[in-house]
Amino acid sequence: MNIQHLRYAVEVEKTRSITEAAENLYMSQPNLSRGIRELENVLGIALFDRTPKGILPTAQGEEFLHYARSILSQFDEMTEHYARKENASAILRLSVPRASYIAQAFARFANLADPGLTLDYKETNALRSIRNVAEDGYDLGIVRYQADYEKYFTDTFRVKGLSYRELWTFRYLAMLRVDHPAARKQAVTLADLADSVAIRQGDLYVPSLSRECCGEVGAPERCIRLYDRTSQFELIATLPRAYAWVSPVPAEMLSRYRLTLRPCADYPARHKDVLIYRRQYMLSPMDELFLQQLAQVQSELAVYL
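Anyway, here's the lowdown on the structure attached to this text. (Residues numbered from 1 in each chain as written. Predicted model: local features only at pLDDT ≥ 70, side-chain atom pairs only at ≥ 80, totals over all residues. Heavy atoms only, no water.)

Topic: the overall build of the protein
To be explicit about the condition: Here a strand is any run of E in DSSP of at least two residues, a helix any run of H or I of at least four, and the numbering for each starts at the N terminus. Burial classification: accessible surface area is computed with a 1.4 Å probe over protein chains only, and a residue below 20% of its type maximum counts as buried, one above 50% as exposed, and the rest as partly exposed. Any two residues having at least one pair of non-hydrogen atoms within 4.5 Å are treated as being in contact. To measure how exposed things are, a 1.4 Å probe is used in the Shrake-Rupley method; for residues, cover is taken only from the protein chains shown. Under the counting rule used here, the positive set is Lys and Arg, the negative set is Asp and Glu, and His together with the chain ends is not counted. Charge placement uses NZ in Lys and CZ in Arg. For Asp and Glu, CG and CD serve respectively.
Counting its regular elements, the protein contains 10 helices and 12 strands. Principal-axis analysis of the C-alpha atoms places the extent of the protein at approximately 80 × 50 × 25 Å. Counting only residues that meet the buried cut, the protein has 47% of its 305 residues in that class. When contacts within the protein are restricted to residue pairs at least 6 apart in sequence, long-range pairs at least 24 apart make up 76% of them. Carbon and sulfur atoms provide 50% of the accessible area of the protein, an area that totals close to 15600 Å². In the protein, which carries 38 positive and 38 negative side-chain charges, the distance between the mean positions of the two groups comes to 4 Å.

So, in structure tokens, the structure goes:
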């Protein structure tokens, strides 16, 4: 019996299915069945019964699984502790949405961080950030979603073994040139932007969610899709009539490109940026320093909330 056998049994209990458990463990069904049999032979007990409701633990199996979950929790905590200790001053990996306020907070953080710390900063979409943190070794992630779809994402966080907490809630704003005709108004409407070019991120979609929840306000005929935040600024600054839906943007970035922000009366949906990290992960002093800078930038943008 080894630690992997314990993981097999716990996953079968959680899914009530050898097939689904095998998929989650990235192994074949025969190999998982063989592993469960080997564990039962070592223990000398039957761990599971096949029932109309799926594969359920026997009475002895429930007792064993109680200990198995406890052992796995302690093992994962120990592994995380020593891995973190070994790499404490080596590298910090962050996976975030393409948001200027986060980029500014990261720049401030980089100026204050330990000089020996290597920083890995990836701007990407929500699903990729979840995968980066849950599976690919990233320390922290920030996931953006429309508040109406919170259950979809919080369920996903729990399934992936992630802890999460809300950073802030905001409404998207129209970012456009200061000489755009709609910039003369305190608030714009979709009609004001009807003849403008929409600059959109091209990979925001989430399976089973509507396009509207991913920031697809309206359905403009003229649209440019891209995958880079800086290119978004350059395009809006260059094209006479262009705009993008964005989270609040720091004033110095707007000034640099001669852009401005306007709320949209036709788009009341609220969005959330949520911090995620692995359930056994212990936030380091460097993590906390980054989050402090993030909170500071947010407080400077409170006028837009």
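Looking at the packing of aromatic side chains
What counts is decided by this rule: What counts as a ring pair is set by centres within 6.5 Å for rings of Phe, Tyr and Trp (its six-membered ring), and what kind of pair is set by the plane angle: stacked under 30 degrees, edge-to-face over 60, tilted for all other angles.
Summed over the entire model, instances satisfying the criterion amount to 14 aromatic pairs. On the numbers, 6.3 Å between centres and 15° between planes, the contact of Y172 with Y267 is stacked. In this pair, Y172 sits in the loop between β6 (162–171) and β7 (173–177) while Y267 sits in the loop between β11 (259–262) and β12 (270–278), placing the two residues 95 residues apart along the sequence. Overall, the relative accessible area of 7% leaves Y172 in the buried class. Take Y267: its relative accessible area is 7%, and that puts it in the buried class.

A closer look at the packing of helix α1 (residues 3–15) against helix α3 (residues 29–43)
Test applied: With axes taken as lines fitted to C-alpha atoms, and helix axes fitted only over the stretch in contact, angles between N-to-C directions fall between 0 and 180 degrees. Convention used here: angles under 35 degrees read as roughly parallel, angles over 145 as roughly antiparallel, angles from 65 to 115 as roughly perpendicular, and any remaining angle as oblique. Classes in brief: Ala, Val, Leu, Ile, Met, Phe, Trp, Tyr, Cys and Pro nonpolar; Asp, Glu, Lys and Arg charged; the others, Gly included, polar.
It is at 9 Å that the axes of α1 and α3 come closest, and there the two elements cross at 110°. By the angle between their axes, α1 is roughly perpendicular relative to α3. Touching H5, Y8, A9 and V12 of α1 are L32, G35, I36, E38 and L39, all from α3. Looking at the contact of α1 with α3 residue by residue, the class counts come to six nonpolar, two polar and one charged.

Focus on the environment of S73
By the element assignment, S73 lies in helix α4 (residues 59–86). Between the C-alpha atom of S73 and that of T238, which follows or precedes it by 165 residues, the distance is 54 Å.

Structural notes on the packing of helix α6 (residues 126–135) against helix α7 (residues 150–159)
The line we're drawing: By the definition used in this description, the sense in which the near helix is turned from the far one sets the handedness, with an anticlockwise turn below a right angle giving left-handed and a clockwise turn giving right-handed.
Closest axis-to-axis distance for the α6/α7 pair is 11 Å, and the angle between their directions is 15°. Taken together, α6 and α7 sit at an angle that is classed as roughly parallel. Helix-helix and strand crossings are classified by hand; for α6 and α7 the assignment is right-handed. Each of A126, L127 and I130 in α6 lies in contact with α7, whose residues at this interface are Y152, F153, T156 and F157.

Things to note about the pattern of salt bridges
Rule in force here: Only one rule defines a salt bridge in this text: a Lys or Arg side-chain nitrogen within 4 Å of an Asp or Glu carboxyl oxygen.
Within this structure, the stated rule accounts for 17 salt bridges. Two residues, R229 and E123, come together in a salt bridge whose shortest N-O distance is 2.9 Å. Of this pair, R229 sits in helix α8 (residues 229–238) while E123 sits in strand β4 (residues 118–123), and the two are 106 residues apart along the sequence. With a relative accessible area of 12%, R229 lands in the buried category. Residue class for E123 comes out partly exposed when judged on its relative accessible area of 22%. Of the charged contacts, one joins D136 and R131 as a salt bridge, the two residues approaching to 3.9 Å between their closest N and O atoms.

What to know about the pairing of strand β3 (residues 91–96)
Which entries qualify depends on this criterion: In short, DSSP must find at least two bridges between two strands for them to pair. Seen with the strands pointing away from the viewer, any crossover whose path from the first strand over the helix to the second strand runs clockwise is right-handed.
Pairing between β3 and β4: six bridges, direction parallel. Residue pairing in the sheet places L92 in a bridge with L119 of β4. Viewed along the sheet, the connection from β3 through helix α5 (residues 100–112) into β4 turns out right-handed. Relative to strand β5 (residues 140–146), β3 runs parallel, the two being bridged by two bridges. Within the sheet, the bridge partner assigned to S95 lies in β5 and is G141.

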